[in-house]
Amino acid sequence: MDLACPKCGRIYTEGEKCPNCGVALTRDWSGKVAVIDPEKSKIGKEMGINLKGIYALKV
Ligand SMILES: [Zn+2]
């Protein structure tokens with residue numbers, strides 16, 4: 001199962017810590033959103049995302 005960072009919401013398929021935030025990843029997340037272009041993405045802006053990737057909607 002994929003893990004998400006509780007801080008930035010980014011989803012990882014492996015690892016135990018978020019390389020960006022340095023916090024432990026959690027299994028307790030729901031919803032998945034792909035941010036392709038953070039600068040143009042409305043949801044990306046709302047979530048404060050500035051890196052493209054897969055993010056959890058709720059962590
Ligand atoms: Zn993070």
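Residues numbered from 1 in each chain as written. Predicted model: local features only at pLDDT ≥ 70, side-chain atom pairs only at ≥ 80, totals over all residues.

A.B. asks: When you look at the confidence of the model for the protein chain in this model, what are you seeing that I'm missing?
C.D. replies: Any segment with low pLDDT has predicted coordinates that should not be analysed in fine detail. For the protein chain, per-residue confidence averages 93 on the pLDDT scale, and 100% of positions sit at 70 or higher. Ranking the elements of the protein chain by mean pLDDT puts helix H1 (residues 42-46) last with 87 and strand S1 (residues 3-4) first with 97. (pLDDT = per-residue confidence, 0-100. Helix = DSSP H or I, 4+ residues; strand = E, 2+ residues; numbered from the N terminus.)

A.B. asks: Got a minute to help me understand the nonpolar core in this structure?
C.D. replies: When a protein is soluble and globular, its nonpolar side chains tend to lie buried together. Core analysis: the largest hydrophobic core is formed by nine residues, namely Leu3, Ala4, Cys5, Cys18, Leu25, Trp29, Val35, Tyr55 and Ala56. Looking at this core, the elements with two or more residues in it are S1 and strand S4 (53-58). For cysteine 5, the residues in contact, after removing those within four places along its chain, are Arg10, Cys18, Cys21, Val23 and Leu25. (Core = buried A, V, L, I, M, F, W, Y, C linked by C-beta atoms within 7 Å. Buried ≥ 20, exposed ≤ 12 C-beta atoms within 10 Å, placed from the backbone. Contact = placed C-beta atoms within 7 Å.)

A.B. asks: Looking at this structure, I do not really get the environment of proline 38. What am I missing?
C.D. replies: Positionally, proline 38 belongs in the loop between strand S3 (30-35) and H1. For proline 38 and leucine 51, which are 13 residues apart along the polypeptide, the C-alpha to C-alpha distance reads 6.4 Å. Ignoring sequence-local partners within four residues, the contact set of proline 38 consists of Gly44, Ile49, Asn50, Leu51 and Lys52.

A.B. asks: When you look at the environment of glutamate 39 in this model, what are you seeing that I'm missing?
C.D. replies: Relative to the helices and strands, glutamate 39 is located in the loop between S3 and H1. Separated by 27 residues in the primary sequence, glutamate 39 and tyrosine 12 have C-alpha atoms spaced 22 Å apart.

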